[in-house]
Structure formats: structure tokens, C-alpha cells
Amino acid sequence: MSQKLTLETLESWLWESANIMRGSIDSSDFKNYIFGLIFLKRLNDVFEERVAAIMDDEDCTRSEAMAIEEEEGDYFVPLNARWDYIIERTENIGEVIDEAFGDIEARNSYLEGVLTAIQFGDKAKLGDDLLARLLRHFNRYNLGNQHLYKADMLGDAYEYLIKQFADDAGKKGGEFYTPKP
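Residues numbered from 1 in each chain as written. Predicted model: local features only at pLDDT ≥ 70, side-chain atom pairs only at ≥ 80, totals over all residues. Heavy atoms only, no water.

Participant: Please clarify how the pattern of salt bridges should be interpreted in this entry.
Facilitator: A pair can form between side chains of opposite charge whenever their charged atoms are brought close. Applying the stated criterion across every chain, the model contains ten salt bridges. With its nearest N and O atoms 2.6 Å apart, the salt bridge here joins E16 to R140. Separated by 124 residues along the polypeptide, E16 in helix α1 (residues 7-21) and R140 in the loop between α6 (128-138) and α7 (153-165) bring together distant segments of the chain. Among the salt bridges present, the one from R107 reaches E70, with a minimum N-O distance of 2.1 Å. Taken together, the residues R107 in helix α5 (residues 93-107) and E70 in helix α3 (residues 62-72) connect sequence positions 37 residues apart. By relative accessible area, which is 39% here, R107 ends up partly exposed. Since its relative accessible area comes to 42%, E70 is described here as partly exposed. Salt bridges sharing partners connect three or more residues here, namely R50, E69 and D74. (Salt bridge = Lys/Arg side-chain N within 4 Å of Asp/Glu carboxyl O. Helix = DSSP H or I, 4+ residues; strand = E, 2+ residues; numbered from the N terminus. Buried < 20%, exposed > 50% of the residue type's maximum accessible area, 1.4 Å probe, protein only.)

See below:
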């Protein structure tokens, strides 16, 4: 197994993703787009991990494992919302991501309104070239449970993003972010 993603690597990786977006959108919005893509990537990687585990446990094919996961799993990632499908797109990438979030919410009602709050389809802000660069960047690491330093890494990622961009939001960090110390 490859080395687990550490907190230090995660923070550096997130900062690099912000650097990719610099000049394209307001820096106070970086965290929303970055977190949206992290969530999508993690959802996909955990889903794929679970499908692989079902294949091993049940000694079944991938399509059989998908059917089991769809019926019995906590959540299901539709085909057009899977990372491998999205990363292959070269045009209208933002719209594809928006549709993926909508389809994930439709299949998983407890996520309703969570993912579709961020709009990736505004080409004036996020063109296809920029989104393709971001997707390639987010493709560098597997965010499945077996590859993370701890399972609630998303909490650390979100905290890091809030901390880094508090000043850019026109706030002092302490107004909406209280550091752990």
C-alpha cells in the first residue's frame, strides 16, 4: 500500500489548488470550490473502495458489487458523477460537475442542497482549462479511507481552508474561525 496522505501533505496540496485558481475567482471563494472538489473526490474514492471490498468479500464481479452497494450501501455515486467519468471531460466541465452534484443529491436525499450550493458551471469564473487543471491536481491522491492519515480528514481540510482564507473574506480570523490553541 502507498504511503498515507499526511496533514502536512494535505495542507500543501490544498494551497497548491488555491494557487491554480488565483486570478480567476475571488480568493474568498477558493475554499468553496476546493472543498466541493475534495468532497466529490473523496466520495468517489470511498465508493470505489467499498465496491472493491464487496468484490473481495462476495467473490463477485464489479457490476454485481455495484448492485449490492446501490441497494445496501450508505450512498451511491451514479455513473456520470464518478471521478473517472468527470476527469475525462474536456468541454463544459463545470456543467458536468454541477450535474454530478445534482445526481448525487438526487440519489442520496440526506445530501440535498449541500452539493448544489456551489456552482462550477460559470465559465466566466471557471473555464474548462482551469477546471481541467484542478481536476488533474485533485487526481494526485486517493482520498479513500485506506489512504488517509485519519478518517475525518475533510474536517481538517475545511478548517485549513477557513483559516487560510479568513483574511481574504474581509474578516479577522477570530470573527468566524477560532484556532484550536
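Participant: Is there a simple way to explain α5 in this structure?
Facilitator: Under the 1.5 Å per step criterion, the end-to-end length of α5 is 21 Å for 15 residues, consistent within 8% with the ideal 21 Å. Taken together, the buried positions of α5 are occupied by I93, G94, V96, I97, D98, A100, F101, I104 and E105. Tucked into the core, α5 has its buried residues touching α2 (30-58), α4 (83-87) and α6. (Expected span 1.5 Å × (residues − 1). Contact = heavy atoms within 4.5 Å.)

Participant: Explain the nonpolar core here, please?
Facilitator: Where a protein is soluble and globular, its nonpolar side chains tend to be buried together. I34, I38, I97 and F120 are the most contacted members of the largest nonpolar core, which totals 53 residues. Of all the secondary structure elements, the ones that give two or more residues to this core are α1, α2, α3, α4, α5, α6 and α7. Considering every element that reaches this core, the biggest residue donor is α2, with twelve residues. Residues within four places of I38 in sequence aside, it is in contact with L14, F138, L143, M153, L154 and A157. (Core = buried A, V, L, I, M, F, W, Y, C linked by side-chain atoms within 4.5 Å.)

Participant: Sorry, what's going on with the confidence of the model for the chain here?
Facilitator: The predicted coordinates ought not to be read in detail in places where the model reports low pLDDT. Averaged over the chain, the pLDDT score is 86; the fraction of residues at 70 or greater is 90%. By mean pLDDT, the top-scoring element of the chain is α4 (96), and the lowest-scoring one is helix α8 (residues 173-176) (49). (pLDDT = per-residue confidence, 0-100.)

Participant: Which parts of the structure should I look at to understand unusual backbone geometry?
Facilitator: Across residues other than glycine, the phi torsion is negative in most instances, and most of the peptide bonds are trans. Positive phi values are uncommon outside glycine, yet D59 reaches one of about 50°. Mapping D59 onto the fold places it in the loop between α2 and α3. For N92, which is not a glycine, the phi torsion comes out positive at approximately 55°. Note on placement: N92 falls in the loop between α4 and α5.

Participant: Even after reading the chapter, I still don't get the side chain of N108, so can you show me in this structure?
Facilitator: Of note, N108 is situated in the loop between α5 and α6. A distance of 2.8 Å separates a polar side-chain atom of N108 from the backbone oxygen of I104. Beyond its immediate stretch of four places on either side in the chain, N108 contacts D74, Y75 and F76. (Polar contact = N/O pair within 3.5 Å; in protein donor to acceptor, adjacent residues only side chain to side chain.)

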